[in-house]
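Analysis of the macromolecular model
In case you want the letters, here they are:
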Amino acid sequence: ELAKRNVSEAEYKVEDMAELTSVEYGTPIPLGTVIEGLIYESVSHSGRDQHAIDIAVELHTTIVCPRDGVVIHSRDIHDQYGPTVEFARYNNFIEIEHEDGEITRLSHIAKGSCRVKVGERVKEGQELGKVGLVGRTTRPHLHWMVAVRVEGDQRYQSLKIRHKYPLKEGAQEG
C-alpha cells in the first residue's frame, strides 16, 4: 500500500500555502519537445489547483510519466472543448499516486490516447498518452498538477513542483 501524505483541513484553507513536492519530478513531456508557452497563473489555477502548470505544446504531443507510481484514475472518452466552465466536465486526465502519497494529475488527454490502465505501475519516462484539445480550453496544452490529499476529504491541495529539468519555452533539455 502506498504511504499517504496529507495536509490538514486548516492548512488547505491557507491561501498562500506553498509547500514543495517531496522530491524532484521529471518532465511530463519528452526532453527535446518544443514548449510554446508556460502558464503558471490563470483563472483555472486557483484554490486546489493554484500551483498547476499549463504547458502549451502541439496537439498530440506525447505525454510521459514524470515520476514512478501507480495509475489511480484515467479517462480519455471525451473530445469536446470550449472556453467556458461548462466544458470542464469533458476533460480527460490521468492520475498517478507516488510512494509518498503525492498525486500527479495530467489533464487534457486526447480522446482514445491513454496508454495505461488503473492499477498499472508506471515508470518515469513511460508514455502515458497524447495531448488533446479537450475540456475547458481553447488551445492544446498539458495541465500538470502535483498534489496531496486533504485529510478527511476527497479534495487535493496542489504543491509547487520541484523539477529535475527546468521547464522553459523552446526545446526541453536534460
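Residues numbered from 1 in each chain as written. Predicted model: local features only at pLDDT ≥ 70, side-chain atom pairs only at ≥ 80, totals over all residues. Heavy atoms only, no water.

As enumerated under the stated definition, the model contains 10 salt bridges in all. A salt bridge links D68 to K123; its shortest N-O distance comes to 3.7 Å. Placement of D68 in the loop between β6 (62–64) and β7 (69–75) and of K123 in the loop between β11 (121–122) and β12 (127–130) is noted, with a sequence separation of 55 residues between them. Taking the relative accessible area as the measure of exposure, D68 reaches 37% and is therefore partly exposed. Relative accessible area serves as the criterion here: at 53%, K123 is assigned to the exposed category. Residues joined in a network through salt bridges with shared partners are R67, D100 and E102. (Salt bridge = Lys/Arg side-chain N within 4 Å of Asp/Glu carboxyl O. Helix = DSSP H or I, 4+ residues; strand = E, 2+ residues; numbered from the N terminus. Buried < 20%, exposed > 50% of the residue type's maximum accessible area, 1.4 Å probe, protein only.)

Empty space left among the atoms is revealed by rolling a probe the size of a water molecule over them. Empty space within the largest pocket amounts to approximately 660 Å³. S44, H108, R136, H141 and H143 are, among the 25 residues lining the largest pocket, the residues nearest its centre. Contributing elements (two or more residues each) for the lining of the largest pocket: β5 (53–56), β10 (103–107), β13 (135–136) and β14 (141–150). For the lining of the largest pocket, the per-class residue count stands at six nonpolar, 11 polar and eight charged. (1 Å grid on protein atoms, 1.4 Å probe; cavity = no way out; pocket = protein on both sides within 12 Å on 5 of 7 lines; lining within 4 Å. Points joined across faces, edges and corners; volume = space filled by probe spheres on them. Nonpolar A, V, L, I, M, F, W, Y, C, P; charged D, E, K, R; others polar.)

Now for unusual backbone geometry. For H60, which is not glycine, the phi torsion reads 70° and is therefore positive. Here H60 is to be found in the loop between β5 and β6. Taking the relative accessible area as the measure of exposure, H60 reaches 48% and is therefore partly exposed. In the Ramachandran plot, H108 falls in the positive-phi region, its phi being about 80° despite a non-glycine side chain.

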